[in-house]
Amino acid sequence: MGSEGKNIQKKLRFLCLHGFRTSGEILKKQLVTKWPESVLERLDLVFVDASFPCRGKSEVEGIFDPPYYEWFQFNKEFTEYENFDECLAYIEDCMLKHGPFDGLLGFSQGAILSAALPGLQAKGVALKKVPKLNVLIIIGGAKFRNQSVAENAYSSPTQCPSLHFLGETDFLKQYGVELLESFAEPLVIHHPKGHTIPRFDEDGLKSMLSFLERMQNEVSGMEKQ
């Protein structure tokens, strides 16, 4: 019923990037069980597994079944990365294979990547073969700390419209707040939980639906030009 009438706009299509040492299937389960139909019916979500099999223990062992994957590897300070260029190429391949996409939805390691990719794309160092990203949904995100990556990703405010979820008890919250400074007009939904896919309270749901409707209208307008 909800998809009739005023909701006839094309669904927003997102490539979904999961967290460190989890999987596309795990992110799908988290979103589908926590987000209401009123949100999900507006989204066309494509879930892929990250570029590399998990190289160590996963935090979700015993909660979600394997296999687990990671997008790239990093040192303790998160300043040096291994297989980062391969990761970017893999994401572009996924976009070419499954796209076109309106934007990216990312959680944790996937959110850090998603938030950086519009800047990297604008600088011509990533996603050269795919259309410009038009919208982001960032859940539990942060900035890259590697200087060369950061200079390309955040040197000028990202114009791509973005929605950011910040958890009150998320260990990455302060870094998620810092990330907001890199966006021209970020919209924030606060939730009381930690580093997780959140459920919506009434105000959060209103903000989410309003954001998605605005993005649907903007993307539809671009396609008509």
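Rules of the game
- Residues numbered from 1 in each chain as written.
- Predicted model: local features only at pLDDT ≥ 70, side-chain atom pairs only at ≥ 80, totals over all residues.
- Heavy atoms only, no water.
- Axes fitted to C-alpha atoms, helices over the stretch in contact; angles between N-to-C directions.
- Helix = DSSP H or I, 4+ residues; strand = E, 2+ residues; numbered from the N terminus.
- Parallel < 35°, antiparallel > 145°, perpendicular 65-115°, else oblique.
- Contact = heavy atoms within 4.5 Å.
- Nonpolar A, V, L, I, M, F, W, Y, C, P; charged D, E, K, R; others polar.
- Phe/Tyr/Trp six-rings, centres within 6.5 Å; stacked < 30°, edge-to-face > 60°.
- Lys NZ or Arg CZ within 6 Å of the ring centre and 35° of its normal.
- Buried < 20%, exposed > 50% of the residue type's maximum accessible area, 1.4 Å probe, protein only.
- Arc of directions from axis to C-beta.
- Salt bridge = Lys/Arg side-chain N within 4 Å of Asp/Glu carboxyl O.

With an unreviewed UniProt entry as reference, the protein chain is termed Serine hydrolase, source organism Forsythia ovata.

Draft legend 1. Geometry of the packing of helix α3 (residues 84–98) against helix α4 (residues 109–122). Running from amino to carboxyl end, α3 crosses α4 at an angle of 85°, the nearest separation of the two axes being 12 Å. Comparing the axis directions of α3 and α4 gives the class roughly perpendicular. Only Leu113, Leu117 and Leu120 of α4 make contact with α3, whose side of the interface consists of Phe84, Cys87, Leu88 and Ile91. Among the residues making up the contact of α3 with α4, the classes are represented as seven nonpolar, no polar and no charged.

Draft legend 2. View of the packing of aromatic side chains. One pass over the structure, following the stated rule, counts 16 aromatic pairs. A ring pair is formed by Phe78 and Phe144, whose centres lie 5.8 Å apart and whose planes are at 10°; its orientation type is stacked. Here the residue Phe78 occupies a position in the loop between β5 (73–74) and β6 (81–82), and Phe144 occupies one in the loop between β8 (135–139) and α5 (147–154), the gap between them amounting to 66 residues. Joined through ring pairs, the aromatic side chains of Phe20, Phe72, Phe74, Phe78, Tyr81, Phe84 and Phe144 make up one cluster. Over the aromatic face of Tyr154 sits the side chain of Lys143, whose NZ or CZ is 5.3 Å from the ring centroid. Over the aromatic face of Tyr175 sits the side chain of Arg145, whose NZ or CZ is 4.8 Å from the ring centroid.

Draft legend 3. Expanded view of helix α6 (residues 173–180). Of all the residues in α6, the buried ones are Gly176, Leu179 and Leu180. All buried residues of α6 project into a common sector of 105° when viewed along the axis, lining one side.

Draft legend 4. Region of the structure containing the pattern of salt bridges. All chains considered together, the criterion is met by eight salt bridges. Linking Asp102 and Lys10 is a salt bridge whose minimum nitrogen-to-oxygen distance equals 3.4 Å. In this pair, Asp102 sits in the loop between α3 and β7 (103–107) while Lys10 sits in the segment before β1 (12–17), placing the two residues 92 residues apart along the sequence. Asp102 sits in the buried class, given a relative accessible area of 6%. The salt bridge partner of Glu70 is Arg21, with a shortest N-O separation of 2.8 Å. Residue Glu70 is located in strand β4 (residues 69–70), and its partner Arg21 is located in the loop between β1 and α1 (24–34); the two are separated by 49 residues in the primary sequence. For the pair formed by Glu70 and Arg21, the shared burial category is buried.

Draft legend 5. Region of interest: unusual backbone geometry. Put simply, Pro66 and Pro67 share a cis peptide bond, and its omega is 5°. Along the chain, Pro67 turns up in the loop between β3 (52–53) and β4. Omega for the bond connecting Gly99 with Pro100 falls within 30 degrees of zero, at 5°, which places this linkage in the cis form. Among the structural elements, Pro100 can be located in the loop between α3 and β7. The phi angle at Arg21 is positive, at roughly 55°, despite the residue not being glycine. Among the residues examined, Arg21 registers a relative accessible area of 17% and is labelled buried. The phi dihedral of Asn83 is positive, around 65°, even though this residue is not glycine. As for its position among the elements, Asn83 is in the loop between β6 and α3. The class for Asn83 is buried, based on a relative accessible area of 18%.

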